[in-house]
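# Working through the structure, step by step
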Amino acid sequence: MLLINARPNVLLKDPARETVLFRGRAIAAAVIFLALTVMLGVRMVQLQVFEHTHFRTLSENNRVKVLPVVPTRGLIYDRNGVVLAQNVPTYSLEAVPDSIKNADQLLAELGQLVAISESDIGRFKRILKSAHRFNYIPIRLRLTDEEVARFAVVRHRYPGVDVHARLSRDYPLGALLAHVVGYMGRITEKDLEKIDQTNYRASSHIGKTGVERAYEEVLHGGVGYEHVETNAQGRVLRTLLRQDATPGADLYLSIDVGLQATAEAALGDEIGAIVAINPRTGGVLAMVSTPSFDPNLFAQGIDPESFKALNTSLERPLFNRVLYGRYPPGSTVKPFVGLAGLEYGAKLANGKTWCPGFYQLKNQQHRYRDWKRSGHGSVDLHRSVVESCDVYFYELALELGIDRMHDFLGLFGFGAPTGIDLGTESRGLLPSRGWKRNKYNKPWYPGETLITGIGQGFTLATPLQLAAATATLANRGLRLQPQLVERMVDIAAGREHVNAPRIVGQIEISNAKHWDVVSKSMIDVVHSKAGTAKKIAEGIDFRIAGKTGTAQVFGIAQDAEYDEAKIRKKLRDHALFVAFAPAERPRIAVTVVVENGGSGSATAAPIASTVMQRFLRGPADPVTAPRSKLVALGAQ
Amino acid sequence: MRASGAAALERTLVEHDNTLAYRLHMDVPLLIGLVVLAAIGFVVLYSAGGQSMDILSRHAIRLVIAFGVMFVLAQIAPGHYQYWSPWIYAIGLIMLIMVLGFGQFGKGAQRWLDLGIVRFQPSELVKISVPMMIAYYLSERPIPPSFKRIALGLVLVIVPTLFIAKQPDLGTALLVASAGLFVLFLAGIPWAAIIAASIAAVASLPIMMNFLHDYQRRRVETFLDPERDPLGSGYHIIQSKIAIGSGGLYGKGWLNGTQSQLDFLPERSTDFVFAVLSEEFGLIGVLLVFIVYGFVVGRGLYIAVNAQETFGRLLAGGLVMTFFVYVFVNVGMVSGMLPVVGLPLPLISYGGTSLVTMMAAFGLLMSIHTHRRLLSE
């Protein structure tokens, strides 16, 4: 109830009364103050006693961060210890998203000190959207020392930005082994789905192609951990605990760099592929696909223009022809068809026929031509291989029939992947009746059998398949799986794992003499006066067993436009040559394919000879820097 | 009756008359309390400032200036203050209006007035001029004040409060309002009126919320649920509570507060310094500090009760209330009991203006206490 002051309006105060009143109020105030203070006290007790444990835990979590430690990636060497892939320290400029208030401004300012390209900016912003708040994300990789110094001067102005030393992948031999070793690239969403994300927490790159990819798990190693004390900006102050990362294992490939360089140089400016296999182990001694590319471009993040140039180039430098190039094997299948004839007891295999330069099926007009218009005359198996008579093999094919040819050639790995430890590969094409029915729903025609006998028609093989089949031939039927990695060395654990030769199977031949027949004919391809590859017999002191092939063109699918000169070349036959040496105790089996190279004997055989000489004799002169045919990207 | 009242008054007087302190117009117990607080401030600031001697030396300078101001103001007799109250109040009000008109921006709010040489926060002056004015106004007539007086008194409080709130500076507005209202309370507003007004205030809170700026509304929302925005406005509260709570009973030890040392706690030298104190000295430390503050408040009330004039009592009371509100709101804010309003902790928080204001207030208190007219005169 409001007390209306009814006192008379006097200026005289009543001190005593006022004192008492004031005192009362002061006491009331004191009580209120005390009550409020007690309230605060209770609150403090609540926080510091009852909820102490809870907050202590939060306090610990705040200050201790678990940071992943990136494992050192395994190195890749050739069989003799030449480095093919290594880790080099590089400096990168990185920023913590949490500290960035205005990304555009920050990048503009930093761009004054360090070269930052449009694609750098674009990539940074993209990663920024999805990145963890307190993890560093790179703005630019591979800073020069000068750029590092320039930033160091103003580092204090940018609390969330820093220069980090990282290990970057480097390929010292560049394009020479680009298709074998492969390259690494940034981890993408697709990659994330397939990998153990915890193990890759500190990694930004992953193997994309080649050995880098096929052996990713072995090379990557295991992630380590650090418990660090940080401040709220995420800046690490000190390490409390560390569990070291497990480094990846080093790989030693079966490749011989010297041989690889020789092979690549021998191909020169041609487009094609060379594969050399050790028939005794299955180890791949050389694998060349030209044109090649510089994998170092990918290591630091290739810019879109360069990638587009590589990707759309007509010569397809990114395409590994050894694994994916599908070529009609042409005459190189003849030894195999011949062996099939012997095995199946075909009459012609042990007999003779007359080659007039063409062949006609009964009741048919069409002439199936022999490459030698005038014909080879009287030919048997031996002579037909040596001089590569088509008519003989038309007849033999007809006698065998497509399905028997299919089955027999299948034993040597045609039409199936070789299983090489490089990931995927093409399986080529080995036609059969059933296949044609499935694929085209059409019956098989005898004419198709004919041309299959000389390695034309539907048949397609990769250089790797040809090489593996040749090695099997060299081994007299012992089929080994081609392998690139010879041994894996885990330095940390002090262990070495050797990839033993993998036996796929042994082709049983009823009579060992059949191998002799085929071998001898292949030796005479090179070493007899009538052999299609007689030219390469000059100047070598060992015996080569080989077979030339000249395949009509089925282009690797192209859908670009070309100019006239290119068109003409594109219509030329592919040149092939398969061989092993020394013929008596083979140590190397080689396949050479030169696209649109014309004649197998003229173009492919000499290359194979060069390769085999290098392998068997060793380097003729000190190893020179390998020359790589790089597709021009403008500035090189 | 009057004579006995006067005698009673005389008896309640503490006999200082001839001591040095009294002649210097220093109230020793209060002074000791303030010095202890300042010392605690030094210790805590050293840690909160990252062991920076720079911050410490700057704080020391400010303290010296502030104590100096206190000393100077204590020399002036309360009568003078009483005389000049309305003018001081008017100046304060005008400056507030000027700030709203063309104040300098600091931290996104119009609080400063740049007078060329010196930058000045008028709201600091108002913190003193409002209780002073109310005390002056109400002491013209015998207390308890008439309804008219109460009404006008409210106006005198509310107008500057609104100006300050418009800057916007909710914390200071709250402070000024509570000081002024407290003076009214001490002057004897009937309890019934107080209760009625409180109910009305609480009821109108939702309506008041509408007048809040966005960020102020967010402050309140964050206060109600800091977890909702852990990296934004809730960050301060969450980190502060972690700091306080993890201190436990005995604290982590001086200079060992991980929240503060590791940059997790923002504003740790200023508004949130109490969290540093709690983290490093624990509940024990906290309670000790409460005791010291309590002592200062108690001494202030004592001075208020023993003041000779109504003006002195009311003013003293008002100033004590100001001090108390500072401490209560700051600790409440830091511990998550109140929304973040940006009031520093007196004598411990690093920062100049409010330190000077607070010490000026204590100067006034000392003045009130040590200028005694012997009634026998």
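### Let's talk about the overall build of chain A
The number of helices and strands found in chain A is 24 helices and 23 strands. Within chain A, the fraction of its 636 residues that count as buried is 41%. Considering only contacts in chain A between residues 6 or more positions apart, those separated by 24 or more positions represent 75%.

### So, the overall build of chain B
Looking only at helices and strands, one finds 16 helices and 3 strands in chain B. Taking all 377 residues of chain B together, 51% fall into the buried category. Within chain B, residue pairs in contact and separated by at least 24 positions form 72% of the contacts whose partners lie at least 6 positions apart.

### Some points on the pairing of strand S11 (residues 272–277) of chain A
Residues and elements named next belong to chain A. Within S11, 6 of the 6 residues are buried, which leaves the element mostly enclosed by the surrounding structure. Of the two faces of S11, the one carrying Gly272, Ile274 and Ala276 and the one carrying Ala273, Val275 and Ile277 are both buried. Pairing geometry for S11 and strand S23 (residues 588–594), over 6 bridges, is antiparallel. The partner of Val275 across the bridge, within S23, is Thr591.

### Digging into the nonpolar core
The tendency in soluble globular proteins is for nonpolar side chains to be buried as a group. Residues and elements named next belong to chain A. Val211, Ile274, Ala276 and Val611 are the most contacted members of the largest nonpolar core, which totals 120 residues. In terms of residue count, helix H21 (residues 463–474) provides more of this core than any other element does, 8 residues in total. Residues from two domains meet in this core; each of domain 1 (66–96 + 115–143 + 164–253) and domain 2 (257–617) gives at least three. If sequence neighbours within four positions are ignored, Ala276 has contacts with Leu259, Ala263, Leu285, Ala286, Ile588, Val590, Val611 and Phe615.

### Topic: the sheet that holds S23 of chain A
Residues and elements named next belong to chain A. The strand order S12-S11-S23-S22-S21 describes an open sheet built from 5 strands, whose pairing is antiparallel. With one partner strand each, in any of the chains shown, strand S12 (284–290) and strand S21 (545–551) form the two edges of the open sheet. The mean angle between the axes of side-by-side strands here comes to 5°, regardless of whether they run parallel or antiparallel. Here strand S22 (residues 574–581) runs beside S23; their pairing, made up of 7 bridges, is antiparallel. Residue pairing across strands places Phe577 opposite Val592, the latter belonging to S23. The strands touched by helix H10 (residues 257–267) within the sheet are S11 and S12, with S12 carrying the most contacts at an inclination of about 30°.

### Quick look at the environment of Lys208 of chain A
Residue and element names in this part refer to chain A. You can see Lys208 is positioned in the loop between strand S7 (205–207) and helix H8 (210–214). Overall, Lys208 belongs to the partly exposed group, with 18 C-beta atoms counted inside 10 Å. The spacing of Lys208 and Phe298 is 90 residues in sequence and 9.7 Å in space, taken between C-alpha atoms. If we ignore the near neighbours within four places in the chain, the residues touching Lys208 are Gly182, Tyr183, Met184, Gly185 and Arg213.

### Things to note about the packing of helix H6 (residues 122–140) of chain B against helix H7 (residues 147–165) of chain B
Residues and elements named next belong to chain B. One way to put it is that H6 packs onto H7 with a least axis distance of 10 Å and a crossing angle of 175°. Taken as axis vectors, H6 and H7 run roughly antiparallel relative to one another. On H7, the residues touching Ser123, Val126, Val130, Met133, Ile134, Tyr137 and Leu138 of H6 are Arg149, Gly153, Leu156, Val157, Pro160 and Ile164. Considered class by class, the residues forming the contact of H6 with H7 number 10 nonpolar, 2 polar and 1 charged.

### Some words on the confidence of the model for chain B
All names here are of chain B. On average, residues of chain B carry a pLDDT of 82, and 80% of them reach 70 or more. When pLDDT is averaged over each helix and strand of chain B, the minimum, 49, is found for strand S1 (residues 104–106) and the maximum, 93, for helix H14 (residues 273–305). The ipTM for the predicted assembly is 0.87, set against a pTM of 0.59.

### A few points about the packing of helix H3 (residues 28–48) of chain B against helix H4 (residues 53–75) of chain B
Residues and elements named next belong to chain B. Two numbers describe how H3 lies on H4: the axes approach to 10 Å, and their chain directions differ by 160°. Taken as axis vectors, H3 and H4 run roughly antiparallel relative to one another. When the axes of H3 and H4 are compared, the crossing they make is right-handed. From H3, Ala38, Phe42, Leu45 and Tyr46 reach across to H4, where they touch Ile55, Leu56, His59 and Leu63. Residues of the contact of H3 with H4, tallied by class, amount to 7 nonpolar, 1 polar and no charged.

### Considering the confidence of the model for chain A
Residues and elements named next belong to chain A. With 90% of its residues at a pLDDT of at least 70, chain A reaches an overall mean of 86. Contacts of residues 1–10 to residues separated by more than four positions or lying in other chains number 8 contacts, the stretch itself having pLDDT below 50. Contacts for the low-pLDDT stretch residues 624–636, under 50 throughout, to residues beyond four places or in other chains number 29 contacts.

### Considerations on helix H24 (residues 600–617) of chain A
Residues and elements named next belong to chain A. Here H24 is 18 residues long and its end C-alpha atoms lie 24 Å apart, about the 26 Å a rise of 1.5 Å per residue gives. Considered for burial, the residues of H24 that qualify are Gly600, Ser601, Thr603, Ala604, Ala605, Ile607, Ala608, Ser609, Val611, Met612, Arg614 and Phe615. In this structure, the buried residues of H24 make contact with H10, S11, S12, S21, S22 and S23. One or two positions beyond H24, positive phi appears at Gly618, with a value near 95°.

### Some details on unusual backbone geometry
Here Thr290 of chain A and Pro291 of chain A are connected by a cis peptide whose omega angle stands at 0°. With respect to the helices and strands, Pro291 of chain A occurs in the loop between S12 and helix H11 (296–299). In this structure, Pro582 of chain A follows Ala581 of chain A across a cis peptide bond, with omega equal to -15°. The residue Pro582 of chain A is located in the loop between S22 and S23 in this model. Backbone geometry at His25 of chain B places phi at a positive 60°, although glycine is not the residue there. Checked against the element boundaries, His25 of chain B lands in the loop between helix H2 (20–23) and H3.

Each value, and the rule that gives it
Residues numbered from 1 in each chain as written. Chains lettered and ligands numbered in written order. Predicted model: local features only at pLDDT ≥ 70, side-chain atom pairs only at ≥ 80, totals over all residues. Helix = DSSP H or I, 4+ residues; strand = E, 2+ residues; numbered from the N terminus. Buried ≥ 20, exposed ≤ 12 C-beta atoms within 10 Å, placed from the backbone. Contact = placed C-beta atoms within 7 Å. Pairing = 2+ DSSP bridges. Core = buried A, V, L, I, M, F, W, Y, C linked by C-beta atoms within 7 Å. Domains from an automatic or database assignment. Axes fitted to C-alpha atoms, helices over the stretch in contact; angles between N-to-C directions. Parallel < 35°, antiparallel > 145°, perpendicular 65-115°, else oblique. Nonpolar A, V, L, I, M, F, W, Y, C, P; charged D, E, K, R; others polar. pLDDT = per-residue confidence, 0-100. Left-handed = near helix turned anticlockwise from the far one by under 90°. Expected span 1.5 Å × (residues − 1).

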